[in-house]
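So the chains spell out like this:
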Amino acid sequence: MNKGRLIVISGFSGAGKGTVVKRLIEKYDYSLSISATTRKPREGEVDGKDYYFKTEAEFKSLIDYNGLIEWAQYVENFYGTPRKFVEDEIAAGKNVILEIEVQGAMNIKAQYPNAILIFITTKDIDTLRDRLVSRGTETPEVIEKRIKRAAEEASSMEQYEFIVVNDDLETCVDAVNSVVVSEACRKENCTQFLIDIKKQLEEV
Ligand code: 5GP
């Protein structure tokens, strides 16, 4: 069986990545990695569904036991991708989505060169600010920190192979899926298929 691939989705805070990922999973066949974080749950967030919420000590022990394939500090908290789920799903041939920030994405690319890196953005920064404010989950101070972080992250956008604008949700979700489908069709990703079909033709 072909191994699954890692699909890394990053984007500015407020670009609607979470909504895009949720819809992507409803509409198409992907596995979603649930991250560990030291951030406090937002209203309505559920432990084990949105994140594994950890204390700093628990998070550090996950790092010490090599339980994360990557981790990073984002604004005031730590975030990391649990190793076991990702490795098991890839081995089972599943495409796994990691919704992570830029440092983590670069770390994944270094370890998994065939990971697909996709950056989701709003069409402009005013839309980003409006979304962060209307979400109402962060204080004005944290919103400003997140906008500053977006400015830092903008310089890393070029490290991503694909940039998708999230203006209309369905269009964005379909674009992300198309990227993954097209990548699977690259001849470099079909070597076993090419070997098999040539062999069958020889036997005709
Ligand atoms: P939020 O606090 O808004 O849920 O997430 C803040 C940022 O952390 C987002 O950019 C999100 O993509 C990123 N993030 C979530 N989980 C992980 C993770 O496991 N690793 C890394 N490196 N970033 C993550």
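All of the points below concern the structure found in this document. Throughout this description, residue numbers start from 1 for each chain and increase along the sequence as written. In keeping with the predicted nature of the model, local features appear solely for residues at pLDDT of at least 70, side-chain atom pairs appear and are counted solely at 80 or more, and the whole-chain, interface and lining totals rest on all residues. The basis for every side-chain value is the complete set of heavy atoms in the structure, and neither hydrogens nor water enter the calculation.

## Describing the nonpolar core
So, step 1. Only buried Ala, Val, Leu, Ile, Met, Phe, Trp, Tyr and Cys residues count toward a nonpolar core, and they belong to the same one when joined by side-chain atoms within 4.5 Å. Here's how the labels work: a residue is buried when its accessible area is under 20% of the maximum for its type, exposed when over 50%, partly exposed in between, all with a 1.4 Å probe on protein chains only. Of all hydrophobic cores here, the largest spans 21 residues; its most connected members are Leu6, Val8, Phe12, Val86, Leu98, Ile108 and Tyr112.
So, step 2. Residue assignment for this core shows that the elements contributing at least two residues are strand S1 (6–11), helix H3 (83–91), strand S7 (96–99), helix H4 (102–111) and strand S8 (116–121).
So, step 3. Considering each element in turn, this core owes the most residues, three residues, to H4.
So, step 4. With residues near it in sequence (within four places) discarded, Val8 still touches Leu98, Ile100, Ala105, Ile108, Ile116, Leu117 and Ile118. The helix count covers DSSP runs of H or I at least four residues long, the strand count covers runs of E at least two residues long, and both are numbered beginning at the N terminus. A contact between two residues is defined here by any heavy atoms of the two lying within 4.5 Å.

## Regarding the sheet that holds strand S6 (residues 77–82)
So, step 1. In spatial order, the strands read S4-S3-S6-S5; together these four strands make up an open sheet with mixed pairing. Two strands bound the open sheet, and with one partner strand each, they are strand S4 (52–53) and strand S5 (68–74).
So, step 2. Across two bridges, strand S3 (residues 36–37) lies against S6 in antiparallel orientation. When the bridges of S6 are listed, Thr37 appears paired with Tyr79.
So, step 3. Note on geometry: axes are lines fitted to C-alpha atoms, helical ones only across the stretch in contact, with angles between N-to-C directions running from 0 to 180 degrees. Helix H2 (residues 56–64) rests against S3, S4, S5 and S6 of the sheet, and its axis sits at about 140° to S5. A strand pair is defined by DSSP finding two or more bridges across the two strands.

## Regarding the sheet that holds strand S9 (residues 162–165)
So, step 1. Strand order in the open sheet formed by five strands is S2-S7-S1-S8-S9, with parallel pairing between adjacent strands. This sheet does not close on itself; its edge strands, each paired only once, are strand S2 (31–32) and S9.
So, step 2. Note that S8 and S9 share four bridges and pair parallel. Counterpart to Ile120 in the pairing with S9 is Val164.
So, step 3. Contacts between H3 and the sheet are confined to S1, S2 and S7, with S7 contributing the most and set at about 150° to the helix.

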